Amino acid sequence: MVRRALGAVALLAALSVPATAAPCAQPTGAAIVLKSADIDPDVFVWDSKQRVVDYAAGFWGSTREVLIHSVLAKPGTRAIVVQCNPGIVRPKYVTEPLDAVGVRLINGPNKGHYGWVTSLDVRALQRGR
């Protein structure tokens, strides 16, 4: 009886400890290239972390809100990672959680713009490019 009670307590304790997400694939300061994995390779760069989380989960108010709260980066736009929150994006059609990646765009028409993307839209910048 005592053995079962201790086992139950141990199981509950193990389940109550939050699992730690793996660290971000691209660390702060990393040079990256933006490119969506979808059919359309353009990337929405959102004005807040919560908006990228909501959009990936399938929640947004209207097309107008998308246009107001994001800029569209062409594939190949270069950026620098300024912040990363591992595993907080839960896309509607992807089983594994993604990272929310804060970026500063360093080329293109939105150069200098800060925003948020998911780790699916981030590629490591190849050396010599």
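Residues numbered from 1 in each chain as written. Predicted model: local features only at pLDDT ≥ 70, side-chain atom pairs only at ≥ 80, totals over all residues. Heavy atoms only, no water.

**Looking at the overall build of the protein**
A count of helical and extended segments in the protein gives 3 helices and 7 strands. Helices (α) and strands (β) of the protein occur, in sequence order from the N terminus, as α-β-β-α-α-β-β-β-β-β. The 129 residues of the protein split such that 33% are buried. Contacts in the protein between residues at least 24 apart in sequence constitute 65% of all its contacts with a sequence separation of at least 6. With an accessible surface of roughly 8,600 Å², the protein has 59% of that area assigned to carbon and sulfur atoms. (Helix = DSSP H or I, 4+ residues; strand = E, 2+ residues; numbered from the N terminus. Buried < 20%, exposed > 50% of the residue type's maximum accessible area, 1.4 Å probe, protein only. Contact = heavy atoms within 4.5 Å. Areas by Shrake-Rupley, 256 points an atom, 1.4 Å probe, with all protein chains shown as cover.)

**Here's the deal with the nonpolar core**
Formed by 16 residues in total, the largest nonpolar core has its most connected members in I32, L34, V45, V101, V103, L105 and V117. Taken together, the elements giving at least two residues each to this core come down to strand 1 (31-34), strand 2 (43-46), strand 3 (70-73), strand 4 (77-89) and strand 5 (98-105). Not counting residues up to four positions away in its chain, the partners in contact with V101 are V81, Q83, C84, G115, W116, V117, T118, S119 and V122. Grouped together as the second largest cluster of nonpolar side chains are 9 residues, A56, V66, L98 and W116 included. (Core = buried A, V, L, I, M, F, W, Y, C linked by side-chain atoms within 4.5 Å.)

**Let's talk about the pattern of salt bridges**
One pass over the structure, following the stated rule, counts 2 salt bridges. Here K74 and D42 are joined by a salt bridge, their closest N and O atoms 3.6 Å apart. Note that K74 is positioned in the loop between strand 3 and strand 4 and D42 in the loop between strand 1 and strand 2, a separation of 32 residues in sequence. Judged by relative accessible area, K74 falls into the exposed class, the value being 53%. A relative accessible area of 17% places D42 in the buried class. Note that R51 and D47 form a salt bridge whose closest N and O atoms lie 3.0 Å from each other. (Salt bridge = Lys/Arg side-chain N within 4 Å of Asp/Glu carboxyl O.)

**Digging into the environment of A37**
Looking at the secondary structure, you find A37 in the loop between strand 1 and strand 2. The sequence separation of A37 and D121 amounts to 84 residues, and the corresponding C-alpha distance is 6.5 Å. In this structure A37 touches L120, D121 and R123, once residues within four positions along its chain are discounted.

**Observations concerning the pairing of strand 4**
Judged from the 4 bridges that link them, strand 1 and strand 4 form a sheet pairing that is antiparallel. Along strand 4, the bridge assignment pairs L34 with T77. (Pairing = 2+ DSSP bridges.)

**Points about the packing of aromatic side chains**
Here the distance between the centres and the angle between the planes together describe a pair of aromatic rings. Throughout the structure, instances matching the rule amount to 4 aromatic pairs. Both rings, one in F44 and one in W46, keep their centres 5.7 Å apart while their planes meet at 50 degrees; by these two values the pair is tilted. Judged by its relative accessible area of 27%, F44 is partly exposed. A relative accessible area of 4% means that W46 is categorised as buried. Each ring, one from F44 and one from Y55, has its centre 5.5 Å from the other, and the planes form 75 degrees; the classification is edge-to-face. On the criterion of sequence distance, the pair formed by F44 in strand 2 and Y55 in helix 2 (residues 49-56) is long-range, its members being 11 residues apart. In textbook terms, an aromatic cluster arises when at least three aromatic residues are bridged by ring pairs, as seen for F44, W46, Y55 and W60. (Phe/Tyr/Trp six-rings, centres within 6.5 Å; stacked < 30°, edge-to-face > 60°.)

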